[in-house]
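Report on the structure
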Amino acid sequence: QVQLVESGGGLVQAGGSLRLSCAASGSIFSINNMAWYRQAPGRQRELVAGITSDGVIKYADSVKGRFTISRDNAKNTVYLQMNSLKPEDTAVYYCNADIQATTWDITYRYWGQGTQVTVSS
């Protein structure tokens, strides 16, 4: 069984920084795309940043220049470094990963449980 476990959320003042981590564990043959989404109260879940297995990266316009996504393939982990945080970044942050469990399996998208990020003004 594949699991994604997130860590690193918390409360920070505006202008501060946080680093989120998301580690995949279990039966893993390969991991393709990995990404971070967020969902604020009353809003739809939105893509924050994504990274392919080849290192191609996409950011939401609202976080460009402030957030950096990276991954460590040896550790099956994706990171999100968040700098210059704003109150509007407050949300539950979720990671996901497109994982093939074995050579013969199709790829499924797995989600983490979410971690709260709160930015005070």
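Look up a bit, the structure's there.
A short tour of the structure in this document, coming up. Computed from a prediction, not measured in an experiment: that's the story for all the values here. (Residues numbered from 1 in each chain as written. Predicted model: local features only at pLDDT ≥ 70, side-chain atom pairs only at ≥ 80, totals over all residues. Heavy atoms only, no water.)

**Topic: the sheet that holds strand 3 (residues 18-25)**
Taken in spatial order, the 4 strands line up as 1-3-8-7 in an open sheet, and their pairing is antiparallel. In this open sheet, the two edge strands, each paired with only one partner strand, are strand 1 (3-7) and strand 7 (67-72). Across the sheet, the mean angle from the axis of one strand to that of its neighbour is 15°, orientation sign disregarded. Here 6 bridges tie strand 7 to strand 8 (residues 77-82), and the two strands are oriented antiparallel to one another. Directly across from Phe67, in strand 8, lies its bridge partner Met82. (Pairing = 2+ DSSP bridges. Helix = DSSP H or I, 4+ residues; strand = E, 2+ residues; numbered from the N terminus. Axes fitted to C-alpha atoms, helices over the stretch in contact; angles between N-to-C directions.)

**Description of the packing of aromatic side chains**
Under the counting rule described, the total for this entry stands at 2 aromatic pairs. Here the aromatic rings of Tyr108 and Tyr110 are separated by 6.5 Å at their centres, their planes lie at 65°, and the arrangement is edge-to-face. Judged by its relative accessible area of 47%, Tyr108 falls in the partly exposed class. Given the relative accessible area of 22%, Tyr110 is considered partly exposed. The side chain of Arg45 reaches across the aromatic face of Tyr94, ending 3.8 Å from its centre. For the cation-ring pair, Arg45 lies above Trp111, with the distance from its terminal atom to the ring centre recorded as 4.8 Å. (Phe/Tyr/Trp six-rings, centres within 6.5 Å; stacked < 30°, edge-to-face > 60°. Buried < 20%, exposed > 50% of the residue type's maximum accessible area, 1.4 Å probe, protein only. Lys NZ or Arg CZ within 6 Å of the ring centre and 35° of its normal.)

**Digging into unusual backbone geometry**
Most peptide bonds take the trans form, and the phi angle of most residues other than glycine is negative. Here the phi dihedral of Asn76 falls at roughly 55°; this positive angle occurs in a residue that is not glycine. In this structure, Ser84 takes a positive phi of about 50° despite not being glycine. The residue Ser84 is located in the loop between strand 8 and strand 9 (91-100) in this model.

**Concerning the side chain of Thr115**
Tracing the sequence through the fold places Thr115 in strand 11 (residues 115-120). A distance of 3.4 Å separates a polar atom in the side chain of Thr115 from the backbone nitrogen of Gly9. Look past the residues within four positions of Thr115 in its chain and what remains in contact with it is Glu6, Gly9, Leu20, Ala91, Val92 and Tyr93. (Polar contact = N/O pair within 3.5 Å; in protein donor to acceptor, adjacent residues only side chain to side chain. Contact = heavy atoms within 4.5 Å.)

**Describing the pairing of strand 9**
Of all 10 residues that make up strand 9, 9 are buried, and the element is covered over most of its length. For strand 4 (residues 30-39) and strand 9, the ladder comprises 8 bridges, and the chain directions are antiparallel. Directly across from Tyr37, in strand 9, lies its bridge partner Tyr94. Relative to strand 11, strand 9 runs antiparallel, the two sharing 3 bridges. Of the residues in strand 11, the one forming a bridge with Tyr93 is Thr115. Two strands pair when backbone bridges link them, and strand 9 and strand 10 (residues 107-111) are joined in this way by 5 bridges, in the antiparallel orientation. By the bridge assignment, Asn96 is partnered in strand 10 with Trp111. Here strand 9 hands over to strand 10 after 6 residues, the two strands then running antiparallel side by side.

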